[in-house]
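Listed below are the residues making up each chain.
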Amino acid sequence: MINRTIPPPVSMPQELHFTKADVHTLSNGIKLLVINKGDEEVCRIDLVFHAGSRYQQVNLQANAALMLMPEGTSDHTSKQISEHFDFYGSFLNIDVDKDYATISLSSLIKHFPNCIEMLGEIVRTPVYPDKELSLWSQRGKHKLLVELEKTSTLAGRAFFSTLFGKAHPYGAMASPDDYDFIAQSQLRSFHSSRIGSNFLTIILSGKFGEHEIALVEKCFGNLTKGSDASPIPNGIAVDASGRGKVFLEKPNAVQSAIRVGRILFPRTHPDYPAFLILNTILGGYFGSRLMRNIREDKGFTYGINSFLAPFRHSGVFAIATEVGVAYTDPTLIEIYSEMKRLRNEPVADDELLLVKSYLMGEILRNFNGAFPMANSIIKLLYYNELDYSFYDNIFKTIRTITSDRLMEMANKWLNEEEMLECVAGSRET
Amino acid sequence: MVEFHRFTLENGLKVIVHQDDTTPIVTFNLLYNVGSRDEDPERTGFAHLFEHLMFGGSVNIPVYDEPLERAGGENNAFTSTDITNYYITVPRDNLETAFWLESDRMLSLDFSQRSLDVQKSVVVEEFNQRYLNQPYGDAWLLLRPLAYKVHPYRWPTIGKDPKHIMDSNLQEVKDFFFSYYTPNNAILCLSGNVTIDEVKHLANKWFAPIPPREVKPKNLPKESAQIEQRVMEVTRSVPFHSIYTAFHMCHRLHPDYHVVDLISDILSNGKSSRLYQNLVKGKELFSSIDAYITGEIDEGLLVVAGILNKDVDPNDAQGAIFEELQDLPKSLNKQELEKVKNRLESTFTFGLTNSLDKAMNLCYFELLGDANMINTEVERYRKVTIGDVQRVSSQLFNVSNSSTLIYRAEKR
């Protein structure tokens, strides 16, 4: 009979091994990163532009200029373009955040040549037909109006716009009415100023050969520069972090959405790796203190977590949860008491060891396969153009961090009076 | 081609091994053949509540998550109408931890009253978060009982009423466990950096000693053919009207299953699809519209669901949907069918790049009858002809086979 009360021995990797991307340069200077890995006949190309919403003159400009690229070029209509991508079983995904705009195309290798040609066309020569713009605006407005019915959306938007201020590029939020004012000329000017070779990095991942790399050169090696004279700003002023309490009444809400947090620092900051570990202990995994306390002990919520939202020139720490309206205040009390505990009591060795092991497993999972690897490499690029030593450094910090250092981090960054608290829900219970 | 090896332990546990030495991680996926369709109609939501209780400690191991996290592992689970699926990803050197944890909770749970009390509350909050505190969140709570009158698919996995969850007791938890959580009612798949010998050794060590138990037989009532259109209207505090129309379709192993799946793709998979091009862009009736199948093992549903544009009358919108559905068999061409097959092949192939997806699929296909269906599935879609689509869509899109939920926006 085996003794089931004794856990099998476990071991942890002493070093982090991962394949690095090969670096190529296209004839117009665009950097191409190549991750050739995987067994299935598939690949993905990601175009990462310094063209996020922070570079726009009016709300929605960046978003519309990117999202409407596939809605018509000088040679093809919106319908022809979607027929083309769909027929070849490819998936086009466009994502615009504050700092970056990313266009990704996934396809089977056998269809890649057909797909990348069209991708090149929509990136180079979108015409932004008025009719498509007006349909996009109408749909966008509707979707936003539905989103704004969610307490989680209300709390999240209030959180970021209060932290940075509504006028700050990281705090600005589009309103439903903004969709009525966005014009074709604004899309064109954003495209010509930011969608250029000087703002682009390309990542190719999956199973492919020299032929596919040559196709990237063919389709993007002739992309011209964007006209924006000020290339990539080195900084963006972040005034003191918004703090205090914001409450948004949503009549008849069953749950309150809670966001508590503060402005922190970009990932280049020396405290980043240590704070990442502290965040994991607090709310960064299923067994975190917040989950154990507020879900597993009290049953106030289906889930609670804390996370670090990175920006190119800043970073945000946030705790997010939705709780039954009657549990709103008790949850907030517990959140602050967990922060206090981290400031005043050293993390026990046993818990620290557990979190270290969990995080090492996380790093391995982040490099599990071509596409997770591509995502991890894009994340390096994103925000701060970090190199691989970023992961080595995190790995090293995980192995060596002490409870004293974590307490120092908590006292430096997790003070209740420096937090912003946003709640969207109902006071009536 | 996904290569795999299969064996069955004496206690009935089926084990599948797929080797992939390009990854430092192993995925451990364990499927139990029990879902919300197996529930007592007075205890709906129980299979899902039970999934939560599986993390509340087992007979020899007081907490489940901690030792796994200590091994660098991560886990989660989901419950559907048909199955409950548990999965772990763990660095390959610590694989035995997964065997140890999962075999102990298959052996027996801790059955703690405290865990039951807390998880009841957590699940009620999940119910609130997903179904009540979201615009249109309760649509499926309304649509299922409209479409099904006797089959247990008439309630969603979360349950039809939180009261059922709150009323459940520890004896019911025990009964449920011993009726379904047994090696002869489960399928295990290991995918990743493992060898067959290693898996055989570990499966024999940890799972073989668990005795088989009698599994409660599935005597599920069969839904009779719907002969009359059903319509239900509700009014809620949402910004726009929406419509959900469900049609009864065949079961998962019926030869027409893949035909219906492709029909839903012709309707709404991708921006070039019919409903998007004609009703969102052409007629501007909807701001979003989707068609999909529930993909369930027993007879499922094909659903068309959309949010209407402002000032569009729901009756007009519904009429336009039916026009599209009736037009499909007449206007379908070869290119369009080829397109949805290509998209399907692509989606399926991308799924194979992920070891968790692979492991889940291998278990699920084994449950359906043969894990090797993972290698022949695309072929079954490829064989569908225009004639198949015409024949099946004419049967399916009958007004008398439809259940429509009109979800009206309250005037504000």
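About the criteria used
- Residues numbered from 1 in each chain as written.
- Chains lettered and ligands numbered in written order.
- Predicted model: local features only at pLDDT ≥ 70, side-chain atom pairs only at ≥ 80, totals over all residues.
- Helix = DSSP H or I, 4+ residues; strand = E, 2+ residues; numbered from the N terminus.
- Rg over C-alpha atoms; globule rule 2.2 N^0.38 Å.
- Buried ≥ 20, exposed ≤ 12 C-beta atoms within 10 Å, placed from the backbone.
- Contact = placed C-beta atoms within 7 Å.
- Axes fitted to C-alpha atoms, helices over the stretch in contact; angles between N-to-C directions.
- Parallel < 35°, antiparallel > 145°, perpendicular 65-115°, else oblique.
- Nonpolar A, V, L, I, M, F, W, Y, C, P; charged D, E, K, R; others polar.
- Core = buried A, V, L, I, M, F, W, Y, C linked by C-beta atoms within 7 Å.
- Pairing = 2+ DSSP bridges.
- Domains from an automatic or database assignment.

Q: Whenever I open this one, the overall build of chain B confuses me. Can you help?
A: Along the backbone of chain B there are 15 helices and eleven strands. Relative to a compact globule of 412 residues, whose C-alpha radius of gyration would be 22 Å, chain B shows 23 Å and is just as compact. For chain B, the spread of C-alpha atoms along the principal axes amounts to about 60 × 50 × 35 Å. Here chain B, with 412 residues, has 51% of them falling under the buried criterion. Partitioning the intrachain contacts of chain B with sequence separation of at least 6 by distance along the chain shows that 79% fall at a separation of at least 24.

Q: Even after reading the chapter, I still don't get the packing of helix α9 (residues 257-268) of chain B against helix α15 (residues 386-396) of chain B, so can you show me in this structure?
A: Think of two packed helices as two axes; the pair is described by the angle between the axes and how far apart they sit. Residue and element names in this part refer to chain B. At a closest axis distance of 10 Å, the pairing of α9 and α15 adopts a crossing angle of 80 degrees. When the axes of α9 and α15 are compared, the pair comes out roughly perpendicular. Contacts between α9 and α15 involve V259, V260, L262 and I263 from the first element and D388, V389, V392, S393 and L396 from the second. The class makeup of the residues in the contact of α9 with α15 is seven nonpolar, one polar and one charged.

Q: What am I meant to see in the nonpolar core here?
A: One finds I202 and L278 of chain A together with C363 of chain B to be the most contacted residues of the largest nonpolar core, which totals 192 residues. The element contributing the most residues to this core is helix α13 (residues 355-368) of chain B, with eight residues. Not counting chain neighbours up to four residues away, the residues in contact with C363 of chain B comprise I16, N29, L31, I187 and C189 of chain B.

Q: Looking at this model, I keep getting lost on the interface of chain A and chain B. Mind explaining?
A: One frequently used descriptor of interface size is the decrease in accessible area upon assembly of the parts. Counting from both sides, the interface comprises 59 residues of chain A and, opposite them, 55 residues of chain B. If you list the elements that add at least two residues to the side of chain A that touches chain B, you get α2 (78-87), β5 (101-108), α4 (130-147), α9 (289-297), β9 (301-310), β10 (315-324), α11 (349-366) and α12 (370-384) of chain A. Here the side of chain A that touches chain B gets seven residues from one element, more than from any other, and that element is α11 of chain A. For the side of chain A that touches chain B, a count of residues per class yields 26 nonpolar, 19 polar and 14 charged.

Q: Would you mind showing me how to read the sheet that holds strand β8 (residues 255-263) of chain A here?
A: Strand pairs in the sheet, formed through backbone hydrogen bonds, run parallel or antiparallel to each other. All names here are of chain A. With respect to topology, five strands assemble into an open sheet ordered β7-β11-β8-β10-β9, the strand pairing being mixed. Pairing within the sheet leaves two strands with one partner each, and these edge strands are β7 (244-249) and β9. Between one strand axis and the next, the sheet turns through 15 degrees on average, direction left out of account. Where β8 and β10 come together, nine bridges link them in antiparallel fashion. The residue bridging I263 from the neighbouring strand is V316, located in β10.

Q: Looking at this structure, I do not really get the domain arrangement of chain A. What am I missing?
A: Residues and elements named next belong to chain A. According to the domain assignment, chain A contains domain 1 (22-220) and domain 2 (244-425). Taking the mean C-alpha position of each, domain 1 and domain 2 sit 29 Å from one another. Elements with a contribution of two residues or more to the side of domain 1 that touches domain 2: β2 (31-36), β3 (42-49), α5 (151-164) and β6 (200-206). Among the elements that make up the side of domain 1 that touches domain 2, the one with the highest residue count is α5 (nine residues). For the side of domain 1 that touches domain 2, the class distribution of residues is eleven nonpolar, eight polar and five charged.

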